[in-house]
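The chain contents come next:
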Amino acid sequence: MASLSGLCSSFPSLKPNNKIGAELSSFRKDSLAVSSRSNSSFKHSVAREVSADLSKTNDVAGLKKAKQGGLEKDPKALWRRYVDWLYQHKELGLYLDVSRIGFSDEFVSEMEPRFQAAFKAMQELERGAVANPDEGRMVGHYWLRNAKLAPNPFLQVQIDKTLAAICDFADSVISGKIKPPSSPEGRFTQILSVGIGGSALGPQFVAEALAPDNPPLKIRFIDNTDPAGIDHQIAQLGPELASTLVIVISKSGGTPETRNGLLEVQKAFREAGLDFAKQGVAITQENSLLDNTARIEGWVARFPMFDWVGGRTSEMSAVGLLPAALQGVDIREMLVGASMMDEATRSTVLRKNPAALLALCWYWATDGIGSKDMVVLPYKDSLLLFSRYLQQLVMESLGKEFDLDGNRVNQGISVYGNKGSTDQHAYIQQLREGVHNFFVTFIEVLRDRPPGHDWELEPGVTCGDYLFGMLQGTRSALYANNRESITVTVQEVTPRSVGALIALYERAVGIYASLVNINAYHQPGVEAGKKAAGEVLALQKRVLAVLNEASCEDPAESLTLQEIADRCHAPDDIEMIYKIIEHMAANDRALIAEGDCGSPYSLKVFLGECNVDELYA
Ligand SMILES: O=P(O)(O)OC[C@H]1O[C@H](O)[C@H](O)[C@@H](O)[C@@H]1O
C-alpha cells in the first residue's frame, strides 16, 4: 500500500497527515459568531424584505450566466476550493464538502442579504413566532432538543416531562416491569408501529440506521391501508402478537390509513383472544380522536404530540423517540447530536453554518426553482431509508404552489436515491451520461466496521475500501462530466450522528424555504388528496345503494354503467363508477341486498355484462 506521504506528494503543498490537519484546521476556526439577536419583526415582514429583494437576486438568467463559466477542473484549484469551503464540526465529526457545487463568489455575495434575512426569520421562529402563518402555528421542533429554547415555561415543562415519561416507559417495558397479560416470553418482544407519513418515515429511518442486531424489541411497521400488507405483518408476528406492543402514531389522530390499520390490528387481537388495550400505546395530540379512544379504552400508555411539531419534523418527539428507545437506541444521544447541530446552524456566518451551505448549494444547483432533483446516496446500508425520510422532509416542506406573498411559484426540490454502491448498478449510468437533471448528495461514513472487526479480502484491501473507492470514484466520474455533488461525511452511524444529520436537514429546509419565500411548515396539497379520496368512497356507497336497489327490484335486471351513473346522479363520473365496480368485482364483493329482498347480486356477473367495448360498440 502506498505510504501516506506518497499519497500526500500528489498535493505539492502538503506534507504527511499532520500537515493536512494543520492546513484544514487553520482555515476553519470553530469560534461561532454569536449572532446579535435583533428584535426583528414578524417572519411575514422579514419575508416581505426577502421578497422585495427577490426581484434583484431571484434572477435565474443571472444564475445561468454565472454557470456559463462551467465547473473548475484544475486539480490544484479544486483542492484549494475543497480546503476553502470545507465545513468541519470537529466535535460531531461531521464534515460538509460543497466544493463540487460550482457556485461563484458573485453568487455567494449576491445571496448574502437573503441569508441574513433567513437567519433572522429562523431566530424569530425559534423565539416562538407564528412561523407557520397558514395554520397560525409556531414551529418548535428545535425546542425538543433544548427545552430551554421554548418560549414559555409551560412548554419547557411539557417537553422535559414527555422525554422523562418516554425513558421511564421504555425502561419499564424492556425490563419487563410493564408486560403483556399473556405471552409465552413474559415480556414484550415486538413493536408494531401503526402510522403513516411523518408518523412512520422517521421511525423507519432510525430503526434501519440504529437498531442493534438483537434489539430488546424488534419493530415492524404498518404504514399503509393495504389489507395484504397488514395481513403480512400480522402473519409474520404469528403467536408473538401476544408479546407485541402496538404503537399507534398520528398527530391529528384521524388519518384514515392509520385508523384502518388500528381497526385491522384490533380485529386480529380479538380473533387471537387478546385484549388490545393491554398492549396498545397512542402517540397523538391531546384530545384527538385517537387520544380519546386510547383514554376511554384504557390503553397501556399515551404520549402527547404538540401542534407546534410537524409530522415531518417529529423524529425528536415521542413519535421517533419512543420506538427508538424501545429498540435500545440511546435517544438522549440523538437529542445531543441534534442539539449540537442546531447550535452550529444558528451561525449567521454562511461559511460556518452547514445548513446554510446546503441551502446555498440547493439554490445554485436548482436555480432556486427546483430545476434539478436531489439524488441522495448514502454509501452505508444502514442509511438506506435516509432518502425516503428526506423525500417527505424536503418535498412536503418545499413543494408549494404559492409563496408567502401569494405569488404562484410551484416550488420544490425532488428527492430520490437509495444507497451506494448498490445504486451504481441501477441508475448511475443515466446520472453519469444521461439527462443532466440532478445533483448528488453523497453521505460518507468513514468507519467501515466496529474497531477490531476489519478483514482484508486481498492484501491491504478491505470491503470498506471498495465502498470508499466506489463513492470517491463516482463523485469524480460525475464531476468530470460536469455533474455537481455535495458530500456529507460522518465518522460512523451513531445516535449522535443520526441526530445531527436530521437536525442539519431540518434547518437547511427551513433556511432554503426562506430563500425562496415559502412556508415550509404546512401541507395544503395533502388535504386535496384526502378530500378526493373521500369523494370516491362516497360515490362507492351511492353505487352500492343503486345496485342493491336494482337487485331488490329485479335480480335478473342488469344496469348499464350509464344507468348506474344516472341513478347515482353522477353522470359525469361514469369512469370512476366503472373503476369502483371493477375493483369490487376483483374482490368478489357480492352485493347483499338490503333486508331480505333479492338474492346476493354478484358483481362479477354484472361486470361481465358491462364490458367497456360493448358499452360503446
Ligand atoms: O401523524 P398524522 O396526523 O396521522 O399525519 C400523517 C401524515 O399525514 C399527512 O400526509 C401529512 O401531510 C404528513 O405531514 C403527516 O405526517
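Here, the structure is the one placed above.
Residues numbered from 1 in each chain as written. Predicted model: local features only at pLDDT ≥ 70, side-chain atom pairs only at ≥ 80, totals over all residues. Heavy atoms only, no water.

Student: Could you give me a rundown of the site of the ligand, with the residues and numbers involved?
Tutor: Surrounding the ligand, one finds 13 residues, the nearest of these being Gly198, Ser199, Ser250, Thr255 and Glu396. For the ligand, an oxygen atom lies 2.7 Å from a polar atom in the backbone of glycine 198. Between the ligand and threonine 255 there is a distance of 2.5 Å, counted from an oxygen atom to a side-chain nitrogen or oxygen. In the complex, 88% of the free accessible area of the ligand, which totals 380 Å², lies under the protein chains. Along the lines of polarity and charge, the residues of the shell around the ligand split into two nonpolar, nine polar and two charged. (Near = heavy atom within 4 Å. Polar contact = N/O pair within 3.5 Å; in protein donor to acceptor, adjacent residues only side chain to side chain. Areas by Shrake-Rupley, 256 points an atom, 1.4 Å probe, with all protein chains shown as cover. Nonpolar A, V, L, I, M, F, W, Y, C, P; charged D, E, K, R; others polar.)

Student: Quick rundown of the packing of aromatic side chains? Include the residues and the values.
Tutor: What the rule picks out here adds up to 19 aromatic pairs. Taking 4.7 Å as the distance between ring centres and 10° as the angle between the ring planes, the aromatic pair formed by phenylalanine 306 and tryptophan 308 counts as stacked. A relative accessible area of 6% places phenylalanine 306 in the buried class. Put simply, the rings of Phe107, Phe205, Trp362, Tyr363, Trp364, Phe386, Tyr389, Tyr505 and Tyr512 pair up and form one aromatic cluster. (Phe/Tyr/Trp six-rings, centres within 6.5 Å; stacked < 30°, edge-to-face > 60°. Buried < 20%, exposed > 50% of the residue type's maximum accessible area, 1.4 Å probe, protein only.)

Student: Mind laying out the pattern of salt bridges, listing which residues take part and the relevant values?
Tutor: Under the defined criterion, the tally for this structure stands at 20 salt bridges. Two residues, arginine 507 and glutamate 126, come together in a salt bridge whose shortest N-O distance is 3.2 Å. Highlighted residues: arginine 507 in helix H18 (residues 495-515) and glutamate 126 in helix H6 (residues 105-127), separated in sequence by 381 residues. Exposure class is identical for arginine 507 and glutamate 126. Each is buried. (Salt bridge = Lys/Arg side-chain N within 4 Å of Asp/Glu carboxyl O. Helix = DSSP H or I, 4+ residues; strand = E, 2+ residues; numbered from the N terminus.)

Student: Got a sec to walk through unusual backbone geometry? Specific residues and values, please.
Tutor: The peptide bond linking glycine 420 to serine 421 adopts the cis configuration, its omega dihedral lying at 5°. Residue placement: serine 421 occurs in the loop between strand S9 (415-416) and helix H16 (428-433). Despite not being glycine, asparagine 410 shows a phi value in the positive range, around 45°. Relative to the helices and strands, asparagine 410 is located in the loop between helix H15 (386-398) and S9. With phi around 65°, asparagine 482 is a residue other than glycine that occupies positive phi space. Within the secondary structure, asparagine 482 is located in the loop between helix H17 (463-480) and strand S13 (485-490).

Student: Provide a residue-level description of the sheet that holds strand S2 (residues 94-97), including the pertinent values.
Tutor: Read across the open sheet, the six strands follow the order S1-S2-S13-S10-S8-S9; overall the sheet is mixed. Sheet topology places strand S1 (87-89) and S9 at the edges, where each strand pairs with a single neighbour. As defined by bridge partners, strand S8 (residues 373-378) adjoins S9 across two bridges and the pair is classed as parallel. Note on S9: the bridge partner recorded for valine 375 is tyrosine 416. Contacting S2, strand S10 (438-445) and S13, H17 crosses the sheet at an angle of about 155° to S10. (Pairing = 2+ DSSP bridges. Contact = heavy atoms within 4.5 Å. Axes fitted to C-alpha atoms, helices over the stretch in contact; angles between N-to-C directions.)

Student: Please give an account of the nonpolar core that cites residues and values.
Tutor: Counting residues in each nonpolar core, the largest one holds 116 residues, and the members touching the most others are Phe103, Phe115, Phe205, Trp362 and Tyr505. Looking at this core element by element, the count peaks at 13 residues for H18. Inspection of this core shows a minimum of three residues originating in each of domain 1 (75-127 + 334-522) and domain 2 (143-329). For phenylalanine 205, the residues in contact, after removing those within four places along its chain, are Leu383, Leu385, Phe386, Tyr389, Val498 and Ile502. Core analysis: the second largest hydrophobic core is formed by 21 residues, Val246, Phe269, Ala294 and Trp299 among them. (Core = buried A, V, L, I, M, F, W, Y, C linked by side-chain atoms within 4.5 Å. Domains from an automatic or database assignment.)

Student: Let's hear about the packing of helix H12 (residues 318-326) against helix H13 (residues 331-344): which residues, and what values?
Tutor: The packing of two helices is summarised by the inter-axis angle and the distance between the axes. Running from amino to carboxyl end, H12 crosses H13 at an angle of 140°, the nearest separation of the two axes being 9 Å. If you check the angle between H12 and H13, you find them oblique. Seen from H12, the contacting residues are Leu321, Ala324 and Ala325; seen from H13, they are Ile331, Met334 and Leu335. (Parallel < 35°, antiparallel > 145°, perpendicular 65-115°, else oblique.)

Student: An account of H18 is needed here, citing residue identities and associated values.
Tutor: With 21 residues, H18 should reach 30 Å at 1.5 Å per residue; the first-to-last C-alpha distance of 30 Å fits that figure. When you tally the buried positions in H18, you get 20 out of 21 residues, the bulk of the element. In the segment just after H18, asparagine 517 is the residue with positive phi, at about 60°. (Expected span 1.5 Å × (residues − 1).)

Student: Residue-level account of the sheet that holds strand S3 (residues 190-194), with values.
Tutor: Note on sheets: strands pair through backbone hydrogen bonds, and any given pair is parallel or antiparallel. One open sheet holds the five strands; their spatial order is S4-S3-S5-S6-S7, and the pairing between them is parallel. The strands lining the two open edges of the sheet, one partner per strand, are strand S4 (218-222) and strand S7 (301-305). Pairwise comparison of adjacent strand axes, ignoring direction, gives a mean angle of 20° for this sheet. On top of the sheet, helix H9 (residues 227-237) reaches S3, S4 and strand S5 (244-250); it is set at about 155° to S4, its chief contact. Against the sheet, helix H11 (residues 289-297) engages S5, strand S6 (280-285) and S7, with an angle of about 145° to S6.

Student: Help me get a handle on the pairing of S4, residues and values and all.
Tutor: By the criterion of burial, S4 is predominantly enclosed, with four of the five residues buried. Bridge count for S3 against S4 is five bridges, and the pairing is parallel. Bridged to isoleucine 191 within S4 is isoleucine 219. For the segment spanning S3, helix H8 (residues 201-210) and S4, crossover handedness is right-handed. (Right-handed = clockwise from strand over helix to strand, strands pointing away.)

Student: Quick one: what's the story with a negative patch on the surface, residue by residue and with numbers?
Tutor: Negative charge collects at one region of the surface, where Asp454, Glu456, Glu458 and Asp465 lie side by side. Structurally, aspartate 454 is set in the loop between S10 and strand S11 (456-458). (Patch = residues over 30% accessible without salt bridge, like charges linked within 9 Å, V, L, I, M, F, W, Y side chains within 5 Å. Lys, Arg positive; Asp, Glu negative; His and termini not counted. Charge placed at Lys NZ, Arg CZ, Asp CG, Glu CD.)

Student: So what's going on with the pairing of S7? Which residues, and what values?
Tutor: Two faces, one strand: in a regular strand the side chains alternate between the faces of the sheet. Taken across its five residues, S7 has four buried, putting it largely inside the fold. Pairing of S6 with S7 involves five bridges; the strand directions are parallel. Across the sheet, residue threonine 284 finds its bridge partner in S7, namely proline 304. Regarding topology, H11 serves as the crossover connection from S6 to the parallel S7, and that connection is right-handed.

Student: Outline the side chain of threonine 366, listing residues and values.
Tutor: Along the polypeptide, threonine 366 turns up in helix H14 (residues 354-366). A polar atom in the side chain of threonine 366 sits 2.7 Å from the backbone oxygen of tryptophan 362. Those residues in contact with threonine 366, other than ones at most four positions away along the chain, are Ser371, Lys372, Ile413, Phe439 and Tyr512.

Student: So what about a nonpolar patch on the surface? Which residues, and what values?
Tutor: Residues Trp455, Leu457, Tyr466 and Met470 make up a contiguous nonpolar surface patch of about 410 Å² in total accessible area. Mapped onto the fold, leucine 457 is located in strand S11.

Student: Give me the lowdown on the environment of methionine 576, citing residues and values where you can.
Tutor: Mapped onto the elements, methionine 576 comes out in helix H21 (residues 574-586). Its relative accessible area of 34% is what places methionine 576 among the partly exposed residues. Taking the C-alpha atoms as reference, methionine 576 lies 48 Å from glutamate 444; in sequence the two are 132 residues apart. Once residues within four sequence positions are removed from consideration, methionine 576 is found in contact with Val536 and Leu539.

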